[in-house]
Amino acid sequence: MKMNQQKIAPYLFISPFFILFFIFGAFPDLFSLFLSFTRWNGMSKIEFVGLKNFIYLVTRDDFFWKSLTNTFFLLLIGSLLQHIIALPLAVMLDSKVLKGREFFRTAYFLPYITSTVSIAFLFGYLFDRNFGLFNYLMELAGLPGIKWFSEPSTVKPAIAILLNWRWIGWNTILYLAGLQSIPGELIESARVEGAGRYAIFFFILLPLLLPVIFFAVSLSIIFGMQLFDEALILTGGVGGNPGGVDNAGLTTLIYLYTVGFRWGKFGLGSAVSWVLFLIIISATVTFKKIIERIQH
Amino acid sequence: MVKKRSAGHTLLWKVSGTLKYLVLFGVSLIFIYPFYYVFVLATRERGNMFKVPPPFWFGHGIVDNYNSLLKNLPFWRNMLNSTGIAVLATFTTVIFCTMAGFAFAKYKFKGENFLFNFILVTLAIPQLLGIIPFFKMMVWFNWLNTWFPLFIPTMANAFGIFLMRQYLAGSVPLDLLDAARIDGIGEFKILVKVVFPLAKPAIAVLGISTFIGSWNNFFGALVILRDKRAYTIPVALSSLLGIHNIDFGAIMMGTALSLVPLLVIFLFFSKQIISNLLAGSLKGVAR
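Position labels on residues start from 1 in each chain and follow its written sequence. Naming scheme: in the order in which they are written, chains are lettered from A and ligands are numbered from 1. Reporting of local features is limited, given that this is a predicted model, to residues whose pLDDT is at least 70; pairs of side-chain atoms are given and counted only at 80 or more, and all residues count toward the totals for whole chains, interfaces and linings. Working from all heavy atoms in the structure, the side-chain values ignore hydrogens and water.

1. A few points about the interface of chain B and chain A
This is how it is decided: Residues count as neighbours in contact if any of their non-hydrogen atoms are within 4.5 Å of one another. Two parts lose some accessible area (1.4 Å probe) when they are put together, and adding that loss for both gives the buried area. Any Lys or Arg side-chain nitrogen located within 4 Å of an Asp or Glu carboxyl oxygen qualifies as a salt bridge. By the criteria applied, helices consist of DSSP H or I runs no shorter than four residues and strands consist of E runs no shorter than two, each listed in order from the N terminus. Basically, the charged four are Asp, Glu, Lys and Arg, the nonpolar ten are Ala, Val, Leu, Ile, Met, Phe, Trp, Tyr, Cys and Pro, and anything else, Gly included, counts as polar.
At the junction of the two partners, chain B supplies 101 residues and chain A supplies 94 residues. Interface area lost by chain B to chain A is led by F31(B), L129(B) and I132(B), which between them contribute 9%. For the interface between chain B and chain A, the tally reads zero salt bridges. In terms of residue count, the dominant contributor to the side of chain B that touches chain A is helix α12 (residues 248-286) of chain B (19 residues). Of the residues contributing to the side of chain B that touches chain A, the split by class is 78 nonpolar, 14 polar and nine charged.

2. Structural notes on the domain arrangement of chain B
Interfaces are often sized by the amount of accessible area the parts lose when they come together. As a reminder of what qualifies: Residue ranges assigned to each domain were obtained from an automatic or database domain assignment.
One can read the domain layout of chain B as domain 1 (7-62) and domain 2 (73-242). The C-alpha-based centres of domain 1 of chain B and domain 2 of chain B are spaced at 37 Å.

3. Here we look at the nonpolar core
Counted only if it meets this: Among the buried residues, those of types Ala, Val, Leu, Ile, Met, Phe, Trp, Tyr and Cys that are joined through side-chain atoms within 4.5 Å form a nonpolar core. The cut-offs for exposure are 20% and 50% of the maximum accessible area for each residue type, with area from a 1.4 Å probe on protein chains only; residues under the lower value are buried, those over the upper are exposed, and the others partly exposed.
Grouped together as the largest cluster of nonpolar side chains are 192 residues, with contacts concentrated most on Y108(A), I159(A), Y175(A), F228(A), F102(B) and M252(B). Sort the elements by how many residues they give to this core and helix α8 (residues 152-180) of chain A lands first, with 14 residues.

4. What about unusual backbone geometry?
All names here are of chain B. Positioned with a positive phi, N142 is a non-glycine residue whose angle comes to about 65 degrees. Relative to the assigned elements, N142 resides in the loop between α5 (131-141) and α6 (158-171). Despite not being glycine, N145 has its phi angle at roughly 65 degrees, a positive value. Within the secondary structure layout, N145 lies in the loop between α5 and α6.

5. Quick word on the packing of aromatic side chains
What describes a pair of aromatic rings is the distance from one ring centre to the other and the angle between the planes of the rings. Applied cut-off: Between 30 and 60 degrees the pair is tilted, below 30 it is stacked and above 60 it is edge-to-face, where a pair is any two Phe, Tyr or Trp rings, Trp via its six-membered ring, whose centres lie within 6.5 Å.
Within the structure shown, the criterion is met by 65 aromatic pairs over all chains. Note on F109(A) and F266(B): the rings are 6.0 Å apart at their centroids and 20 degrees apart in plane angle, and the pair reads as stacked. Highlighted residues: F109(A) in helix α5 (residues 101-113) and F266(B) in helix α12, drawn from two different chains. Between F102(B) and Y107(B), the aromatic rings sit 5.2 Å apart at their centres with planes inclined by 75 degrees, giving edge-to-face as the arrangement. Taken together, F27(A), F31(A), F34(A), W40(A), F228(A), Y257(A), F261(A), F266(A), F135(B), W140(B), F218(B) and F219(B) form an aromatic cluster joined through their ring pairs.

Shown next, in the form of structure tokens:
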């Protein structure tokens, strides 16, 4: 009897995951794969159209392409480049004699805990072309004001500023944790052998940090490709022109939301979601391959 | 070990030391300032918000902004929704993930590896993939504008199970479990009486990150919640964007109030959050 209980218990304990996954994960995901080959507005009869949705997306849908290039560009300037800033900051924080380390760590982590929607509202105000803080500072510095969200070319840089603000600290703390897991003797012995600070950084710390870099950059890619909240709020919200002026802030997830929930095109929307998913997976796998090549 | 440095070297070292503090402190200010600014703007009078130079100090509009916020939104109802969903999400996630994590950490059973790898693979599937059918399902379930879709599907999630398994594998001695079994304690009771108390540090990490994630969840909530009174805070605030001539002080008041719970949690637990959360996620990396 007891033995039996011990055999059944683990299955019982893991069953909630599988039940929930099949109902709320696998079923909608596969249903969406099916829908991507159909035309459906949610109420009409589901009409099978073969590859039409995918062909339309790839060959004729300018919005879709625009959303992809926007998302990639934002991924680059909003999520990836910041790792070059975060890593040196982490090195600065990684010192036993640094005063106020607790304060710095708390401050750097603060942006991560906030609601993107709330903070995007504030940044919207900071970016106001007439009264915002950013243009005020630009004027103080003798520079001309920027139109930010009224001008297509500055929409993405503005969104990227918010993304950098939100994630640099998170990445810094992540790298800091990575640095602290590197044994101090390693660095000490290199120093004794006469290695300079930069040599230590590039030839000892950086290679040892590769797994953490992989982890942090992968997270950036995965979340960056699904950018939604910041771009949507800053470009006028749900009711506005998707992605703001000239759709300059239209990310692929905003496009998916627009197609599916504003235009009610469930088939096309599902096709968008599958294409986006495949792009995320291949980007992550490619990045993994690159890191593995560097490691060998 | 202090190495001898020439005078020139020492100076350079000192300058770069000061520079380091300047950089670190400057960046901290950039991170903290927006929080301060939200609270400043929440107190500014209506006609006193958009001007040059922009306001840097608190004003006297706090009551007006608050009233205006309540006129535009059932704000406390939205707060209740956000809180209720986040609390339910936190409790259920902790319970189900600890349960599953325990099973993978401390039992040998057929298909264990396959099932665990299966769970890990699902980590790669984003919510957006099935969002359209998920919405349709919620219509069929009659779950639109309810709390259920916003915590039930993620109660037992891959990240949480992984985190708990990693932690429990190293912190619950098998002897202890066997001793409990010899005393005739059932498996479920062992989970409640032995495992949960031992798992506290990992539970704290999972609980806090679940709470923050739920409180800030926007995309899923936007799809599911269509009625003003059902909105959570992020959806409620975003709905104000569509209104013409909306009082910006009201938006900032709502924003400020929505930040308070998170700031309170964070200031109390920041040390545990940062060190445990990172230890937890990096443990996964090291493998």
